[in-house]
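Chain residues, written in single-letter form:
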Amino acid sequence: MRARHVPPVRPVLPSRSDVRYGPIMIVWINGTHGVGKTTTSRLVQPLLPDARVLDPEKVGETLMDVRPPLPDSGDFQHWDPWRPLVVETARQVLAFAGGTLVMPQTVLVERYWREIADGFAAHGIPVRHFVLHAQEDTLRDRIQNDAVMGPSTFRYSRVEPYAEAARTWLHAAAEVVDTTETPPEQVARNIADAVLQVAR
């Protein structure tokens, strides 16, 4: 029997020398709930060339739509499929479109972040990990006066876990951006400037 011709496998990601795409990168914006990740991501996106926003929460929402439901965990991040699916979704988007993905998502469990970061590293995808930080009284005031969501019991419940993660590992694993007295537009500019300075 004659062997069938097998076409060459396309690379997982477009070559970084491919002028169609430019640099491939993930800008992950971390921080507790209510600190301004979504707003900042939307402001950062137009400041970076070929950037798109990809919200990892949508992956969690897909898992939440599984019927019958997956075992209750209290948080979709605790489901084992969520972390590799986030990595694979980002990888596929970058393979298709190239450029930079801005990904806003709170991750306070160190093991989960390591799993995500290691997954990107295994595919050769560079990550800039930023943590938006605000002093606790400022953060609680923002949660209380959020014009879109209103006061959120869930957001309040994450203030102390964030503080614990910040003390023990999170701030050491990221570039911390203090937003306490800085307007969102300037926070976004600071992140974009940091990313572009290294990219040059």
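Residues numbered from 1 in each chain as written. Predicted model: local features only at pLDDT ≥ 70, side-chain atom pairs only at ≥ 80, totals over all residues. Heavy atoms only, no water.

### What to know about the sheet that holds strand 1 (residues 25–30)
1) Next: Here we have 5 strands laid out as an open sheet, ordered 2-3-1-4-5, and parallel in their pairing. The sheet terminates laterally at strand 2 (51–53) and strand 5 (175–178), the two strands that pair on one side only. Each strand axis lies, on average, 25° off the axis of its neighbour in the sheet, ignoring direction.
2) Next: In the sheet, strand 4 (residues 127–133) pairs with strand 5 via 4 bridges, with the strands oriented parallel. Looking at strand 5, one finds that H133 is bridged to D178.
3) Next: The strands that helix 4 (residues 110–122) touches are strand 1, strand 3 (100–104) and strand 4; relative to strand 1, the one it contacts most, it runs at about 170°.
4) Next: Running at roughly 135° to strand 4, helix 7 (residues 159–170) makes contact with strand 1 and strand 4 of the sheet. (Pairing = 2+ DSSP bridges. Helix = DSSP H or I, 4+ residues; strand = E, 2+ residues; numbered from the N terminus. Axes fitted to C-alpha atoms, helices over the stretch in contact; angles between N-to-C directions. Contact = heavy atoms within 4.5 Å.)

### Some points on the pattern of salt bridges
Any two side chains of opposite charge can pair, on the condition that their charged atoms come close.
1) Next: In total, this model carries 11 salt bridges according to the counting rule given.
2) Next: For the salt bridge of E110 with R114, the shortest nitrogen-to-oxygen distance reads 3.5 Å. With a gap of 4 residues between them, E110 and R114 both fall in helix 4, about one helical turn apart.
3) Next: R114 sits in the partly exposed class, given a relative accessible area of 37%. (Salt bridge = Lys/Arg side-chain N within 4 Å of Asp/Glu carboxyl O. Buried < 20%, exposed > 50% of the residue type's maximum accessible area, 1.4 Å probe, protein only.)

### A short note on the layout of surface pockets
The probe, sized like a water molecule, is rolled over the atoms to show the empty space still left.
1) Next: Put simply, the largest pocket is a space of about 1200 Å³.
2) Next: Together, 46 residues line the largest pocket, and H33, G34, K37, T38 and R155 are the ones closest to its centre.
3) Next: Of all elements in the fold, only helix 1 (37–44), helix 2 (57–64), helix 5 (136–144), helix 6 (153–157) and helix 8 (184–199) reach the threshold of two or more residues within the lining of the largest pocket.
4) Next: Of the residues assigned to the lining of the largest pocket, the class counts are 18 nonpolar, 16 polar and 12 charged. (1 Å grid on protein atoms, 1.4 Å probe; cavity = no way out; pocket = protein on both sides within 12 Å on 5 of 7 lines; lining within 4 Å. Points joined across faces, edges and corners; volume = space filled by probe spheres on them. Nonpolar A, V, L, I, M, F, W, Y, C, P; charged D, E, K, R; others polar.)

### Let's talk about the packing of aromatic side chains
1) Next: Counted by the stated rule, this structure contains 3 aromatic pairs.
2) Next: When the ring of W28 is compared with that of W113, the centres are 5.3 Å apart and the planes differ by 70°; the resulting orientation is edge-to-face. Of the two residues, W28 sits in strand 1 while W113 sits in helix 4, which places them 85 residues apart along the sequence.
3) Next: A relative accessible area of 0% places W28 in the buried class.
4) Next: Note on W113: relative accessible area 4%, which makes it buried.
5) Next: The rings of W28, W113 and F120 are connected pair by pair, giving a single aromatic cluster. (Phe/Tyr/Trp six-rings, centres within 6.5 Å; stacked < 30°, edge-to-face > 60°.)

### Some points on helix 7
1) Next: In this model, helix 7 (12 residues) spans only 14 Å end to end at C-alpha, well below the 16 Å of a helix rising 1.5 Å per residue.
2) Next: Buried-residue contacts for helix 7 involve strand 1, helix 4, strand 4, helix 5 and helix 6. (Expected span 1.5 Å × (residues − 1).)

### Brief notes about the packing of helix 2 against helix 3 (residues 82–97)
1) Next: Direction vectors running N to C along helix 2 and helix 3 enclose 125°, while the axes themselves pass 9 Å from each other. Regarding the angle of helix 2 to helix 3, the classification is oblique. With respect to the hand of their crossing, helix 2 and helix 3 are arranged in right-handed fashion. On helix 3, the residues touching V59, G60 and L63 of helix 2 are W82, L85, V86 and T89.
2) Next: Each residue belonging to the contact of helix 2 with helix 3 can be placed in one class, and the counts come to 5 nonpolar, 2 polar and no charged. (Parallel < 35°, antiparallel > 145°, perpendicular 65-115°, else oblique. Left-handed = near helix turned anticlockwise from the far one by under 90°.)

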